[in-house]
Amino acid sequence: MSSVRNLYVDWSLRPDQRSIAAFDLSVLHPQAEVDMEPGHALGSHYLAFLDTVRFQTGTRASMLAADRQMTSKPSATEKRGRLADPAHPQWIPWVVESLADPAAKKGFDGFVLSLGGEATTPAARGALLKLAATLRQRYPDKRLLLDLRSGLGAEAVNVADGFLALGVYTREGRGGSPDWTPIADVQRLTRHIRDVQMQGMRVFAVDYALTNDRSAAREAAQRLTAIGTLPFITTPAMNGVNLGPLEEISRRVLVLHGWDAKHTGQPAPAAESTATARFMRPTLEWLGCELDFRSTNGTDFLSASHAYSAVILDAGLVLNDVQQRALAAWLPILLAQKIPLLLNGMPFTDETARQQALLHLGLGGNAKPVSRLVKANVASIDSTLIKAGTRVQGRVLGFLNLTAPADSRVVLALRGEDSLGTDHRFDQAFLTQWGAACIDPTLGTTDPQVDLPAFLSAWLGGAHDAPVPDTTTRDGRHVFYSHIESTGFSTPSTLPGFPLCAEVMRDRILDRYLLPVTVSVCEADLRCWFPGQQAANAPRLEHTARSIFEMPQVQAASNSFTRPAQWTAGIDIAAKLNDRAQTTRLDMEREIAGSMSYIHRRLLPVGKDVNLMLWPQTAVPTREALRYCESMRIESLSAAPVSHPAAAVDFKSIRLEPMVVRSRFDDVRTEQGLTALEKTLDACAAEPLHAMTAAAYAASVRDARHTRILRAAENHWIILNHGDCRTMRLPASAGVPDMTQCLGVAGFNTHAGQLYIHTMGGARTELVLTQVKPAQHIHLAESSAPVEFMELSSRRATFHVRDLRPVEVVFGGFEPRGQCAYLENGRPYTVNADANGIVRLELVCRATVSIQSLPPAAQAAMR
């Protein structure tokens, strides 16, 4: 047990699988539903906590106790509970048969033996010691811990691997909240811990804290560490809430938006149409935030949980008087929890609520619009946080009488003058101790004036000095994907001979570029079931679709059955069809699953599947539609407006979004549209990009949202996800990975002041950074295609690549001017590293490669 670095305890029947993956040792309920195989592959161990005294009537343990005629007594705390007598001669066989053997069969790596916290007697302690010896003999390969509450100590040195101490300094109090353990009990427990530690036995300890009290959890972990134990801090419920010492970094940001329809008389807009979503979402997600949009309906719109890393008040937030006062009263709680607040608007119109908000936030002025303003100009500006190339102007529209708190960093301040000659000041954007404000009344008609990446990063502050998932980069290169929406598939083009747009796309675009592309089709369009379509054209359309899907670079996607105007579950939503339509179902399931079944059965060659739902632009998918795709394990993407971005992208700037080419079949209806698309794809093919399918990108976005990051120590993090998102990012100033200490890290590189970490796609990745030059170690710097490693050590690596085009792979960590000897599909080659120890390889489309780092040729000759 000496190699165990961290502990996790969860007595629930369904523990969180991803939480368990972070820990070397997990103590679980013996009947927990958990897959231990992934953890075993990572070297983790699972112990079953066996309460050898308590059992429930009507269970298998109860029936076995009756068969053995074992004495027991009713439990004082559980209605159906019974307490077995450890002194009974059948107690040990009963424990083995009813508890230990089933746990061993489930795959547990060992047991924690407990007498359930009951007052122990010498006879009970002797029986527990004999039980431990019996299990040691029966399962010599299993780990064995004893509950410290049993009273056993040095006498167990030959049969146990250590002890588990539950509630050293804290215990469960009234209402299930943590309470302090009496001093006399603390002294007794700590003496007992020292005694067993002097015998060379390790002690694992659990203490308790409130869920939202991080400082208390840290102090609890420090107390347990100070007495030489390996700590785990949780809640008294022991249901797997991890409070430390591995601290999960919250990335959730609460966005309050919209209004109560009863107050305004009209429904609130969807989250996607808010100013936060339209202008700040890409930057916030790039910073690693998970946005939780909450519409302000009713009086309970405020979250009872404070497990947020930040809160945003959207520019379009409208509240009634009661809601305003509730929000104003909530502000001190945010300030006390040190949760950053961002004001994108000033929702306080009620005088009482406004005065409370101004007082709590330390704002000057009255936060009211200034009337009869005749002119406005810039009073002060912090150019370091203003968007490059922006011409900042004073604007009269939406001018507020508002000044920032003292000692704030004012980014943009306006000075205005009304018709009476009175001066007014509006600090439109500033950073302060409690957060920030970025109030731009003209947002929507004009672009943001502040540099959003820099401004929002400064607002979030040190809480986000941790790795964040990045979906814009894969294996060190900018991600590229493309998709074609079905609109125009059956439309004739204006090119000579009037071929279908689908035929033009196939012959002039898809046949020319070996870049992965996702092609979506609409079933009703191909079957000629839309009004005005002729049935005789259906065979030609389906033949064209089959020829497209036979291309190796093409991935199939559904664009739905009829491109409906809504995605409401439980009703008919299909668009209007003609009389030839042979279907009786017009609901959401038919639009999604039915269209995919048609594509799979009628259009795809053997070996291809439909694994993406490309939502048509006719309607935004509902949560029910998204959940339905998730239940089918199908990725989904919105068919955003057509974009050909390559000509406008600065490839040296920060990567806020992947490189995406979104098109429709009718884009190639004219020669001009065809030329524009060719120009875009030519530019993309010439850039050092990492091309992937749209489904793979969608999977990485989903995985990024569910990625969990835990801080193990300074510059040491544990990252948990499903392996679809394989890039983590930090500021380049954070240092570089120490490859000798990392687990599951393939390599790294830097771009535009950002450090990109390439993971191997495992369930758990351990990242350790260093500010000093690390020991020499081969690492992946960048690649144009996925790299699957079979071996990666300081001087050797073996990996596999597969792509539609020749693969470019760049490695770092070689000796400066050193040699790289490598085998590509069994053929030997040698290439020299540059002065920085960088090696560039050009490989065939499919290759298994082994590389070895060698010293420079002159040094090798001297040896």
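Residues numbered from 1 in each chain as written. Predicted model: local features only at pLDDT ≥ 70, side-chain atom pairs only at ≥ 80, totals over all residues. Heavy atoms only, no water.

Draft legend 1. Summary view of helix α3 (residues 60–67). Every buried residue of α3 is accounted for by Ala 61, Ser 62, Leu 64 and Ala 65. One face of α3 carries all of its buried residues, which in axial projection span an arc of 165°. In α3, the exposed positions that point more than 90 degrees away from the buried face belong to Met 63, Ala 66 and Asp 67. The inward-facing, buried residues of α3 abut β4 (54–56) and α4 (91–106). (Buried < 20%, exposed > 50% of the residue type's maximum accessible area, 1.4 Å probe, protein only. Helix = DSSP H or I, 4+ residues; strand = E, 2+ residues; numbered from the N terminus. Arc of directions from axis to C-beta. Contact = heavy atoms within 4.5 Å.)

Draft legend 2. Structural context of the pattern of salt bridges. Taken as a whole, this structure holds 46 salt bridges when the rule is applied. Between Arg 138 and Asp 101 there is a salt bridge, with the nearest N and O atoms lying 3.0 Å from each other. Placement of the pair is Arg 138 in helix α5 (residues 122–138) and Asp 101 in helix α4, with a sequence separation of 37 residues. Accessibility expressed as a relative area gives 46% for Arg 138, which makes it partly exposed. On the accessibility criterion, Asp 101 (13% relative accessible area) is buried. A salt bridge links Asp 350 to Arg 325; the nearest nitrogen and oxygen atoms lie 3.0 Å apart. In this pair, Asp 350 is assigned in the loop between β18 (341–343) and α11 (351–361) and Arg 325 in helix α10 (residues 321–337), connecting sequence segments 25 residues apart. Arg 325 gets classed as partly exposed once you look at its relative accessible area, which sits at 39%. Because the salt bridges share partners, they merge into one network encompassing Arg 508, Arg 512, Glu 671, Glu 678 and Asp 682. (Salt bridge = Lys/Arg side-chain N within 4 Å of Asp/Glu carboxyl O.)

Draft legend 3. Inspection of the pairing of strand β1 (residues 7–10) at higher detail. By the alternation rule, side chains of β1 split into Leu 7 and Val 9 and Tyr 8 and Asp 10, which are all buried. With 4 bridges connecting them, β1 and strand β2 (residues 25–28) associate as parallel partners. The residue bridging Leu 7 from the neighbouring strand is Leu 25, located in β2. (Pairing = 2+ DSSP bridges.)

Draft legend 4. Highlighting the nonpolar core. Counting residues in each nonpolar core, the largest one holds 87 residues, and the members touching the most others are Leu 7, Trp 91, Trp 94, Phe 111 and Leu 113. In terms of residues, this core owes the most to one element, α4, which gives 9 residues. Apart from residues no more than four positions distant in its own chain, Trp 94 is found in contact with Thr 52, Phe 55, Ala 61, Leu 64, Ala 65, Arg 68, Met 70, Ala 84 and Leu 99. In this structure, Ala 271, Ala 328, Val 370 and Ile 439 belong to the second largest nonpolar core, which totals 67 residues. (Core = buried A, V, L, I, M, F, W, Y, C linked by side-chain atoms within 4.5 Å.)

Draft legend 5. Looking closely at empty space enclosed by the protein. Across all of its chains, the model carries 6 cavities of 30 Å³ or more by this definition. Put simply, the largest cavity is a space of about 120 Å³. What lines the largest cavity is a set of 16 residues, and nearest its centre among them are Ser 482, Ile 509, Leu 510, Val 517 and Leu 681. Secondary structure elements with two or more residues in the lining of the largest cavity: β27 (477–485), α13 (501–510), β32 (659–664) and α18 (671–686). (1 Å grid on protein atoms, 1.4 Å probe; cavity = no way out; pocket = protein on both sides within 12 Å on 5 of 7 lines; lining within 4 Å. Points joined across faces, edges and corners; volume = space filled by probe spheres on them.)

Draft legend 6. Layout of the packing of aromatic side chains. If you walk through the whole model with that rule in mind, you get 16 aromatic pairs. With a centroid separation of 6.1 Å and 85° between ring planes, the pair formed by Trp 529 and Phe 561 is classed as edge-to-face. Placement of Trp 529 in the loop between α14 (523–526) and α15 (538–549) and of Phe 561 in the loop between β29 (554–558) and α16 (588–602) is noted, with a sequence separation of 32 residues between them. For Phe 561, a relative accessible area of 0% translates into the label buried. When the centroid spacing of 5.4 Å and the interplanar angle of 25° are considered together, the rings of Tyr 822 and Tyr 829 count as stacked. (Phe/Tyr/Trp six-rings, centres within 6.5 Å; stacked < 30°, edge-to-face > 60°.)

Draft legend 7. Structural detail: the sheet that holds strand β13 (residues 230–234). Taking strand neighbours across the sheet as the criterion, the 8 strands line up as β1-β2-β3-β7-β8-β9-β12-β13 in an open arrangement whose pairing is parallel. On the outer flanks of this sheet lie β1 and β13, each paired with one strand and no other. Direction aside, neighbouring strands of the sheet carry axes that sit 25° apart on average. Here 3 bridges tie strand β8 (residues 143–147) to strand β9 (residues 162–166), and the two strands are oriented parallel to one another. Looking at β9, one finds that Asp 147 is bridged to Leu 164. Contacting β3 (45–51) and β7 (110–114), α4 crosses the sheet at an angle of about 160° to β3. The sheet contacts of helix α7 (residues 214–226) involve β12 (202–208) and β13, and relative to β13 the element is tilted by about 155°. (Axes fitted to C-alpha atoms, helices over the stretch in contact; angles between N-to-C directions.)

Draft legend 8. Spotlight on the packing of α13 against α18. Running from N to C, α13 and α18 point in directions that differ by 35°, and their axes come no closer than 11 Å. You can see that α13 and α18 cross each other, and the crossing is right-handed. Judged by residue contacts, Val 504, Met 505, Arg 508 and Ile 509 of α13 engage Glu 671, Leu 674, Leu 677, Glu 678 and Leu 681 from α18. Per-class residue counts for the contact of α13 with α18 are 6 nonpolar, no polar and 3 charged. (Left-handed = near helix turned anticlockwise from the far one by under 90°. Nonpolar A, V, L, I, M, F, W, Y, C, P; charged D, E, K, R; others polar.)

Draft legend 9. Representation of the packing of α13 against α15 within the structure. Interaxial distance between α13 and α15 falls to 9 Å at its minimum, and their mutual angle equals 20°. As far as their axial angle goes, α15 and α13 are roughly parallel. Considering only the axes of α13 and α15, their crossing is left-handed. Contacts between α13 and α15 involve Ala 502, Glu 503, Arg 506 and Leu 510 from the first element and Arg 540, Thr 544, Ser 547 and Ile 548 from the second. When grouped by side-chain class, the residues that make up the contact of α13 with α15 number 3 nonpolar, 2 polar and 3 charged. (Parallel < 35°, antiparallel > 145°, perpendicular 65-115°, else oblique.)

Draft legend 10. Examining unusual backbone geometry more closely. The step from Gly 244 to Pro 245 runs through a cis peptide bond, and the omega angle for that step is 0°. With respect to the element layout, Pro 245 can be found in the loop between β13 and β14 (247–248). Positive phi outside glycine occurs at Gln 69, with the angle close to 55°. If you check the backbone angles, Asn 715 has positive phi at about 65° while not being a glycine. The topology assignment puts Asn 715 in the loop between β34 (708–713) and β35 (716–720). Judged by its relative accessible area of 26%, Asn 715 is partly exposed.

Draft legend 11. View of the sheet that holds strand β5 (residues 72–74). Pairing is antiparallel in the open sheet, where 3 strands are placed in the order β4-β6-β5. Either end of the sheet is taken by a strand with one partner, and the two such strands are β4 and β5. Each strand of the sheet is rotated relative to its neighbour by a mean of 35°, with strand direction disregarded. Strand direction decides the pairing type here: β5 and strand β6 (residues 81–84), joined by 3 bridges, are antiparallel. Following the sheet pairing, Pro 74 is matched in β6 by Arg 82.

Draft legend 12. Local environment of the state of the cysteines. In total, this model carries 0 disulfides according to the counting rule given. For the unlinked cysteine Cys 501, the closest cysteine sulfur is that of Cys 528, found at 15 Å. When its relative accessible area of 0% is taken as the criterion, Cys 501 is described as buried. Looking at the unpaired Cys 684, the closest cysteine sulfur is the one in Cys 845, lying at 19 Å. Given a relative accessible area of 3%, Cys 684 falls into the buried group. (Disulfide = S-S within 2.5 Å.)

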